[in-house]
Every structure is written in C-alpha cells, then in structure tokens.
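# Report on the structure
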Amino acid sequence: PRHSGWAGQSMDLEHCRAATLPDPEVKRESTPPQGFREVYTGDRGRVLSVPYVAIAAKIDRRAYSVRLVSKLQIGPKEKVDRHQGRKQEKRYYVDLFWCLYTKTWKTLAIPMQDASPGELVDFAVSVQWEEGEKAPWEELDESLRVQVPRAGEVAVLNA
C-alpha cells in the first residue's frame, strides 16, 4: 500500500520480497553505531542515578499559576516577599502546567538529587490567582508529601 505523505510525496509503507528468497543478513550493531563518530556520554549515566518525583494536583482551574515549593533545590530560587510574615529561608520552586485532558495541574519529572531513596519529602503549594509579575502568591494550607523512589525511577503523586 502507498501513503500520500508530506507535501503529497508518495511513500512506500510495505516492502515486498519474494517468499523464496532467504532472509537478509542482519549485521551486529557497532559501537559507535555505523554512521556516527562517537557515543554520547555527556550525562555520564546521571539520568539513571537520580530519583524523580512528579505531581498531578487537583487545584482550582481558575488559578493563573501554580508552583511547588521546597527547601530542596528542585528549580529556581524563590523570590521572597519581604512583607510576608514567614522566616526568610531559601526555597526553590517548580511551576506546574494545566493539563486540559486530565483537568489537573502537573509537573514534569523533578530530579531529586538532594534526597535519598525512601525519604519523605514535603512540598508547599503556592497559587497565583491573577496575572502579573507583582501578583501575590498564596501558599495553600495543605502540603504534599511524597516518598522518594529508587534512582532512575519516577514516583507520581496524584493529589
């Protein structure tokens, strides 16, 4: 069968070969693979040496922006509002995105390099109800707690 592909170009989706012919030889893959000069090892295996967490939270859709906040370095450093009554501790955040399909606010996988597998980690949830850089962030009363998984795995918390 033929398929009309990009810009009307015809693409052959099926290769026909006589059933009487032997299977062609499949050569062993080389390292680096044929056509490449090297194998990229820039991550030095770090992706599999770090545990990850991801959050999906049912928070009011009317929120303009939602973020997770932690004492662990999970993202950019939080700018502290000097008028808030809380102690000025260093905290870091990750922004969530609105998933229209599941109607939840979600994160991508967050590397937890500063936490040990099995450790319980608490996240504060902050919500910005209106647009604008000067709009205040409201920290919700409930925190989210997730257990850090083994290295290379992602723990998903649905809250």
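Quantities reported herein were computed from a predicted structural model and do not represent experimental measurements. (Residues numbered from 1 in each chain as written. Predicted model: local features only at pLDDT ≥ 70, side-chain atom pairs only at ≥ 80, totals over all residues. Heavy atoms only, no water.)

## Some remarks on the packing of aromatic side chains
One pass over the full model with this rule turns up one aromatic pair. Between Trp-98 and Trp-105, the ring centres sit 5.6 Å apart and the planes meet at 65°, which makes this aromatic pair edge-to-face. Trp-105 shares its class with Trp-98; the two are buried. The ring centre of Tyr-93 lies 3.6 Å from the NZ or CZ of Arg-67, which sits over that ring. (Phe/Tyr/Trp six-rings, centres within 6.5 Å; stacked < 30°, edge-to-face > 60°. Buried < 20%, exposed > 50% of the residue type's maximum accessible area, 1.4 Å probe, protein only. Lys NZ or Arg CZ within 6 Å of the ring centre and 35° of its normal.)

## A closer look at the pattern of salt bridges
Once the charged atoms of two side chains with opposite charge are near each other, the side chains can pair. Tallying each qualifying case throughout the model produces six salt bridges. Residues Asp-60 and Arg-62 are paired through a salt bridge, measuring 2.5 Å at the closest nitrogen-oxygen approach. Judged by its relative accessible area of 68%, Arg-62 falls in the exposed class. Linking Arg-91 and Glu-78 is a salt bridge whose minimum nitrogen-to-oxygen distance equals 2.9 Å. Placement of Arg-91 in the loop between β4 (65–70) and β5 (92–95) and of Glu-78 in the loop between β4 and β5 is noted, with a sequence separation of 13 residues between them. Both residues of the pair, Arg-91 and Glu-78, count as buried. Because the salt bridges share partners, they merge into one network encompassing Glu-78, Arg-91 and Glu-139. (Salt bridge = Lys/Arg side-chain N within 4 Å of Asp/Glu carboxyl O. Helix = DSSP H or I, 4+ residues; strand = E, 2+ residues; numbered from the N terminus.)

## Observations concerning the side chain of Thr-104
Residue position: Thr-104 is located in strand β7 (residues 104–106). A distance of 2.7 Å separates a polar atom in the side chain of Thr-104 from a polar atom in the side chain of Thr-102. Those residues in contact with Thr-104 that lie beyond four places of it in its chain are Ala-56, Ala-57, Lys-58, Phe-97, Trp-98 and Cys-99. (Polar contact = N/O pair within 3.5 Å; in protein donor to acceptor, adjacent residues only side chain to side chain. Contact = heavy atoms within 4.5 Å.)

## Points about the pairing of strand β11 (residues 144–147)
Burial along β11 is one-sided: the face carrying Leu-144 and Val-146 is buried and the face carrying Arg-145 and Gln-147 is not. Here strand β9 (residues 120–128) pairs with β11 via four bridges, running antiparallel. Among the inter-strand pairings, Leu-120 is bridged to a residue of β11, identified as Gln-147. (Pairing = 2+ DSSP bridges.)

## Observations concerning the nonpolar core
Ranked by internal contacts, the top residues of the largest apolar core, which has 26 residues, are Val-66, Leu-68, Ile-74, Met-112 and Phe-123. Among the secondary structure elements, those contributing two or more residues to this core are β3 (52–57), β4, β5, β9, β11 and β12 (154–158). Here Val-66 is in contact with Ile-59, Val-94, Asp-95, Leu-96, Trp-105, Val-125, Ser-126, Val-127 and Trp-137, once residues within four sequence places are set aside. (Core = buried A, V, L, I, M, F, W, Y, C linked by side-chain atoms within 4.5 Å.)

## Some remarks on unusual backbone geometry
A positive phi angle, close to 55°, is found at Lys-103, a residue other than glycine. Within the fold, Lys-103 resides in the loop between β6 (97–99) and β7.

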